[in-house]
Amino acid sequence: FFTFPNSIVSGGVTGIAQIIHLLTRIPVGVLSILINIPIFCLGWRHRLGTEQSADELIWHETDPRFSVGVGRSRTDRYLLLAAHSKTTSEYRFWDTHHDSGPVVFHPRQEGLEYALEHAVVGDREVFLVLHNYTGADFEIGIAPTEPTAPAAWEPLIGHTPGVRLESVDAFAGQ
């Protein structure tokens, strides 16, 4: 309410959308979505010290219902590439110790939402999997650091109706 009448714009995608809006009167929300589409749908890999022309496309999301994101595990061992829609998710993991590229943990399955976090449990390197495979309020399972079907996710904190689990973070024990 303050920015538009005074021709003040913010930075980033929103700022670009506001400038275009001031020139064209196309709604800022529509412009933000249009500007973000190539950012949300494409993942490029750049190796430091190389030319940008050598960058390789590692992910091209073709389903407009999905947004994508990239993060790292708390252990820094894995890059985690996630695709989420309102009711479905899919993760790819990329082992930073072995340059093999991203691997799909479990392919999209309509209605299945899950998230990954790398952890060392005892002497095992595993993924902690927050998921709704066993119930709407989610549970936390343990899975090997390889593609794994939901039926093989070993319960760590089981699903309890009415008790919603929303995230999982792994911390080093002492």
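Every value quoted in this text rests on a predicted model; they were computed, and no experiment measured them. (Residues numbered from 1 in each chain as written. Predicted model: local features only at pLDDT ≥ 70, side-chain atom pairs only at ≥ 80, totals over all residues. Heavy atoms only, no water.)

Enquirer: What is the right way to read the sheet that holds strand β8 (residues 124-131) from this model?
Expert: Read from one edge to the other, the open sheet built from four strands follows the order β7-β8-β9-β10, with strand pairing classed as antiparallel. What marks the edges here is a single partner per strand, and that holds for β7 (114-121) and β10 (154-157). The average undirected angle you get between the axes of adjacent strands in this sheet is 35°. Here three bridges tie strand β9 (residues 139-144) to β10, and the two strands are oriented antiparallel to one another. Along β10, the bridge assignment pairs Ile140 with Ile157. (Pairing = 2+ DSSP bridges. Helix = DSSP H or I, 4+ residues; strand = E, 2+ residues; numbered from the N terminus. Axes fitted to C-alpha atoms, helices over the stretch in contact; angles between N-to-C directions.)

Enquirer: Is there a simple way to think about the packing of aromatic side chains in this case?
Expert: Enumeration over the complete set of coordinates arrives at ten aromatic pairs. With a centroid separation of 6.4 Å and 70° between ring planes, the pair formed by Phe93 and Phe105 is classed as edge-to-face. In this pair, Phe93 is assigned in strand β5 (residues 89-95) and Phe105 in the loop between β6 (103-104) and β7, connecting sequence segments twelve residues apart. When its relative accessible area of 1% is taken as the criterion, Phe105 is described as buried. Here Phe105 and Trp153 contribute two aromatic rings whose centre-to-centre distance is 5.7 Å and whose plane-to-plane angle is 15°, an arrangement assigned as stacked. Remark: Trp153 occurs in the loop between β9 and β10 and Phe105 occurs in the loop between β6 and β7; sequence separation between them is 48 residues. There is no split in this pair, since Phe105 and Trp153 are both buried. (Phe/Tyr/Trp six-rings, centres within 6.5 Å; stacked < 30°, edge-to-face > 60°. Buried < 20%, exposed > 50% of the residue type's maximum accessible area, 1.4 Å probe, protein only.)

Enquirer: In this structure, what is going on with the environment of Ser32? I would like to understand it.
Expert: Mapped onto the elements, Ser32 comes out in helix α2 (residues 28-41). Along the primary structure Ser32 and Ala17 are separated by 15 residues, whereas in three dimensions their C-alpha atoms are 5.6 Å apart.

Enquirer: What is the right way to read the environment of Asp169 from this model?
Expert: Looking at where Asp169 falls in the secondary structure, it is placed in the segment after β10. Placed 50 residues apart in sequence, Asp169 and Ala119 show a C-alpha to C-alpha distance of 8.7 Å. Of the polar contacts made by the side chain of Asp169, one reaches the side chain of Arg74; its length is 3.3 Å. (Polar contact = N/O pair within 3.5 Å; in protein donor to acceptor, adjacent residues only side chain to side chain.)

Enquirer: Is there a simple way to think about the pattern of salt bridges in this case?
Expert: Oppositely charged side chains can form a pair if their charged atoms are brought close together. Overall, the coordinates contain ten salt bridges when judged by the stated rule. In this structure, Glu125 and Arg77 form a salt bridge, with 3.1 Å as the shortest nitrogen-oxygen distance. One end of the pair, Glu125, is in strand β8; the other, Arg77, is in the loop between β3 (67-72) and β4 (78-84), and 48 residues separate them in sequence. A relative accessible area of 14% means that Arg77 is categorised as buried. Note that Arg92 and Glu90 form a salt bridge whose closest N and O atoms lie 3.0 Å from each other. A relative accessible area of 18% means that Arg92 is categorised as buried. Among the charged side chains, a salt-bridge network with shared partners connects Glu61, Glu90, Arg92 and Arg108. (Salt bridge = Lys/Arg side-chain N within 4 Å of Asp/Glu carboxyl O.)

Interpretation note: all reported values are geometric properties and have no functional meaning in isolation.
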